[in-house]
Amino acid sequence: MRNVWIILRNELRRYFVSPVAYLLLTMFAVIFGFFFWNSLGYFVYVGMESQMRGQPFPMNVNEQIIRPLLSNMSVVGLFFIPMITMRLFAEEKRSGTIELLATSPIRDAEVIIGKWLAAMGVYACMLLFSGLNFVFLFRYGKPDWKPLLIGVLGLLLQAGALLAIGTFISTLTKNQIIAAGATFGVCLLLWILEWVAGYETSTWARVLSYMSVITHYESFARGVLDLKDAIYYVTLIFLGLFFTSRSMESLRWRS
Amino acid sequence: MITVKELTKRYARNTAVDNISFEVRKGQIVGFLGPNGAGKTTTMRVLTCFLPPTSGSAVVAGFDVLEQPLEVKRRIGYLPESPPLYPEMATTEYLTFVGQLKGLSGADLRKRVDAVCDRCAIADVKTKLLGRLSKGYRQRVGLAQAIIHNPDVLILDEPTAGLDPKQINETRELIRKLGGDHTIILSTHILSEVEQTCEQVIIINKGKLVATDSVHNLQNRARGAESVLVEVAGRNGALDPATVQERLAQISGVSGVVLKEKRDSRAIFEVETRKGGLVRGDLARAVVESGWDLNELRPAARSLEEVFLQLVGDESQAQAGGTAASGQKQ
């Protein structure tokens, strides 16, 4: 446990002394802010419209602002994840510092979990920083906070799964660009798999759509904690980290 | 301290280390010598548990590298060929991190960081970013990183590569000082480095062990026949080299005299002596008694370099002979 903490702290420090973390935080905040402003504007517009017509339309902050916002963020996250994970192992392999980690009295698993948690930390910071916008909703409205929390939990689980995959891909190459590109490709694929369900109803289409990370986020966005979907993400996290440890092991045999 | 038995490491296409066995006693400084690509780094990586051996065994500080790698790693300090530094970290920050990785903490850790900074002469760059340090400093931070947890065994892969002559001397001095408390293996392809810093040499070439001996023995081993350089001058301006050559050749124990250089009334001869012959006194007397001046008389000492080339050369000749022989059989 102590070793995981050492690795985690060191990784986080290195994220935040380089411009990487700040760039990600800023970009995410700008995009999140735009989506927030957009859905808030639309919400206000619809509200005024329904009042002017004199037929009150049921308005709900959770349903009409938070839910679409979270769904959008789960997709936007896909684009940021490769930038978080690309350096995790690729950089260490290129600079030779992987030799320091591999010859220190510390297990591979501790290195991997520490690095993955650091990536999670950066993602969580991104959410926290951008999530400040929600303060306005609570200041001027009365949204239900439980669905919001479940939605954020879903975002973290989804990111955890994709970050684990990104971590694995980062062990495969010395080149950060390749790691980022490949991770982005996989993230994108895991997203668009869902589209098959739009026109197909065969078993294959259902299996493919079930594999999509976005499909499983829908229940979280609605504010429903569905165990099936949570297990999907947790499985993906384990799988990603397991492949990472296999890959690290094989570095030694191939080198 | 280190026992390597029949160690072999094969990669997909080639054999990097082929059936090597050697032993290193506690407190020794051992030079691991060989041309580039001889398998030095691979052997060191096996000893540090970075690579598993294909066959054979390596025991470091009493623990097998395959069976108890964590115990081995606790007891070794390793400086890879390029120091494993994070450019965006400051020196003390980095050393603290490495110390934590090696299991140090609290006041003990702080004390060790200060101690290695003093020992490796990097105290003046404590707060600088590693990416901004010069090559010499980077190498020294790498060395500091290797000794932070005061390991029993130090494994240094080309610790002086890329340094300027002054830094090389400082690094060698540092390694010699560390020798007392640590068992050190250092790899190099520079022979004078081994002559200056090591007590024991292990020479490998193309993955095979060529020789393992003390530096002293190895120098003697190839010495065999000694040769002496003699500079003779004629007293009144004229000197006939042929006469001198003839006179020197008459001395018992001399097997050959070669004129190396002639300048005005001076001439330099290389005198080959038979094995065990001590003829320097006789040479001096002969020159003076014949009425010439003796300007200089010195042994043409063979450096470890020649020994090394001879050993490595023998090896490749034997190999060439072997392939020729097997070719004939077919």
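Because the structure is a prediction, the values reported are computed rather than measured.

**Section: the overall build of chain A**
Item 1. Tallying secondary structure elements over chain A gives 12 helices and zero strands in all.
Item 2. Taken from N to C terminus, the helices and strands of chain A fall in the order α-α-α-α-α-α-α-α-α-α-α-α.
Item 3. Put simply, of all contacts in chain A between residues at least 6 apart along the chain, 80% involve residues at least 24 apart.

**Some words on the interface of chain A and chain B**
Item 1. Listed as interface residues are 17 residues of chain A and, on the opposing side, 20 residues of chain B.
Item 2. When residues of the side of chain A that touches chain B are traced back to their parent elements, those giving at least two are α1 (2-17), α5 (98-102) and α12 (227-254) of chain A.
Item 3. Examining the composition of the side of chain A that touches chain B, we find that four residues originate from one element, α1 of chain A, more than from any other.
Item 4. In the side of chain A that touches chain B, the residues fall into seven nonpolar, seven polar and three charged.

**Some details on the sheet that holds strand β7 (residues 153-157) of chain B**
Residues and elements named next belong to chain B.
Item 1. Spatially, the six strands line up as an open sheet ordered β6-β7-β8-β3-β9-β10, and their pairing is mixed. Each end of this open sheet is capped by a strand with a single partner; those strands are β6 (76-79) and β10 (208-214). For this sheet, the mean angle separating the axes of adjacent strands, direction not counted, is 15°.
Item 2. Bridge count for β6 against β7 is four bridges, and the pairing is parallel. Residue pairing for β7: Leu79 is matched across the bridge by Leu156.
Item 3. Against the sheet, helix α5 (residues 135-147) touches β6 and β7, its axis set at about 165° to β6.

**A look at the sheet that holds strand β11 (residues 227-234) of chain B**
Picture the strands of a sheet paired through backbone hydrogen bonds; they go either parallel or antiparallel.
Residues and elements named next belong to chain B.
Item 1. Strand order across the open sheet formed by four strands is β12-β13-β11-β14, with antiparallel pairing between neighbours. This sheet does not close on itself; its edge strands, each paired only once, are β12 (254-263) and β14 (292-299). Strand-to-strand, the axes of this sheet are offset by a mean angle of 20°, without reference to chain direction.
Item 2. Pairing of β11 with strand β13 (residues 266-273) involves seven bridges; the strand directions are antiparallel. Along β13, the bridge assignment pairs Val230 with Phe269.
Item 3. Each of β11, β12, β13 and β14 is contacted by helix α9 (residues 241-249), which is oriented at about 160° to β12, the strand it contacts most.
Item 4. In the packing of helix α10 (residues 280-289) onto the sheet, the strands contacted are β11, β13 and β14, and the crossing angle to β14 comes to about 165°.

**Notes on helix α1 (residues 40-47) of chain B**
Every α-helix winds through 3.6 residues per turn, so residues three or four apart in the chain are directed the same way.
Residues and elements named next belong to chain B.
Item 1. Summarising burial for α1: eight of the eight residues are buried, a large majority.
Item 2. Turning to α1, its buried residues number three or more, namely Lys40, Thr41, Thr42, Thr43, Met44, Arg45, Val46 and Leu47.
Item 3. Just past α1, the residue Cys49 takes up positive phi, approximately 70°.

**Quick word on the environment of Leu188 of chain A**
All names here are of chain A.
Item 1. Tracing the chain through its elements places Leu188 in helix α9 (residues 176-192).
Item 2. Leu188 sits in the partly exposed class, given 13 other C-beta atoms within 10 Å.
Item 3. Leu188 sits 109 residues away from Phe79 along the chain, and the two C-alpha atoms are 8.3 Å apart.

**A closer look at unusual backbone geometry**
Residue and element names in this part refer to chain B.
Item 1. With phi around 55°, Ala61 is a residue other than glycine that occupies positive phi space.
Item 2. Here Ala61 shows up in the loop between β4 (55-60) and β5 (63-64).
Item 3. A positive phi is found at Ala121, a non-glycine position, where the angle reads about 55°.
Item 4. As for its position among the elements, Ala121 is in the loop between α4 (106-119) and α5.
Item 5. C-beta crowding within 10 Å serves as the criterion here: with 16 such atoms nearby, Ala121 is assigned to the partly exposed category.

**So, the nonpolar core**
Item 1. Ala161, Leu162, Leu163 and Ala164 of chain A together with Ala144, Ile155 and Ile184 of chain B are the most contacted members of the largest nonpolar core, which totals 131 residues.
Item 2. The greatest single-element share of this core, amounting to 12 residues, is contributed by helix α8 (residues 145-170) of chain A.
Item 3. Setting aside its immediate chain neighbours within four residues, Ala164 of chain A contacts Trp116, Leu236, Ile237, Gly240 and Leu241 of chain A.

**Section: the domain arrangement of chain B**
Item 1. Splitting chain B by domain gives domain 1 (2-221) and domain 2 (227-299).
Item 2. Of note, the centres of domain 1 of chain B and domain 2 of chain B, computed from C-alpha atoms alone, are 48 Å apart.

**Here's the deal with the environment of Leu127 of chain A**
Item 1. With respect to the helices and strands, the residue Leu127 of chain A is situated in helix α6 (residues 108-131).
Item 2. Once residues lying within four places of it in the same chain are set aside, the contact partners of Leu127 of chain A are Val152 and Leu155 of chain A.

**Thoughts on the confidence of the model for chain B**
Residue and element names in this part refer to chain B.
Item 1. Averaged over all residues, the pLDDT of chain B is 83; the fraction at 70 or higher stands at 88%.
Item 2. Summarising per-element confidence for chain B, the mean pLDDT is lowest in helix α11 (residues 304-329) (55) and highest in helix α3 (residues 91-101) (95).
Item 3. Below a pLDDT of 50 lies the segment residues 321-330, which in the model reaches zero contacts outside its immediate sequence neighbourhood of four places, other chains included.
Item 4. Quick note on the complex model: pTM equals 0.82, ipTM equals 0.88.

**Brief notes about the packing of helix α3 (residues 61-85) of chain A against α8 of chain A**
Residues and elements named next belong to chain A.
Item 1. Running from N to C, α3 and α8 point in directions that differ by 15°, and their axes come no closer than 9 Å. The angle between α3 and α8 places the two elements in the roughly parallel class. As α3 packs across α8, the resulting crossing turns out to be right-handed. Contacts from Asn62, Ile66, Leu70, Met73, Ser74, Gly77, Leu78, Ile81, Pro82, Ile84 and Thr85 in α3 reach Pro147, Leu148, Gly151, Leu155, Gln158, Ala159, Leu162, Leu163, Gly166, Thr167 and Ser170 in α8.
Item 2. When the residues that make up the contact of α3 with α8 are grouped by side-chain class, the tally is 13 nonpolar, nine polar and no charged.

Rules of the game
- Counting starts from 1 at the beginning of each chain's written sequence and moves along it residue by residue.
- A letter from A marks each chain and a number from 1 marks each ligand, given out in the order of writing.
- Only residues with pLDDT of at least 70 get local features here, since the model is predicted, and only at 80 or more are side-chain atom pairs given and counted; chain-wide, interface and lining totals rely on the full set of residues.
- For helices the rule is a DSSP run of H or I covering at least 4 residues; for strands it is a run of E covering at least 2, with both sets numbered from the N terminus onward.
- By the convention adopted here, residues make contact when the C-beta atoms placed from their backbones lie within 7 Å.
- Throughout, the ten residues Ala, Val, Leu, Ile, Met, Phe, Trp, Tyr, Cys and Pro are labelled nonpolar, Asp, Glu, Lys and Arg are labelled charged, and all others, Gly among them, are labelled polar.
- Strands are labelled as partners when DSSP assigns at least two bridges between them.
- An axis is simply a line fitted to the C-alpha atoms; with a helix, the fit covers only the stretch in contact. Between two such axes, the angle follows the N-to-C directions and lies from 0 to 180 degrees.
- Residue burial is a threshold on neighbouring C-beta atoms within 10 Å of the residue's own C-beta, all placed from the backbone, with 20 or more meaning buried, 12 or fewer meaning exposed, and counts in between meaning partly exposed.
- Core membership is restricted to buried Ala, Val, Leu, Ile, Met, Phe, Trp, Tyr and Cys residues, and these are joined into a nonpolar core through C-beta atoms within 7 Å.
- An automatic or database domain assignment supplies the start and end points of every domain.
- The predictor reports its confidence for every residue as pLDDT, a score running from 0 up to 100.
- Oblique is the label for any angle not under 35 degrees, not over 145, and not in the 65 to 115 range, which are roughly parallel, roughly antiparallel and roughly perpendicular in turn.
- Helix crossings fall into two classes, left-handed where the near helix is turned counterclockwise from the far one by less than a right angle and right-handed where it is turned clockwise.

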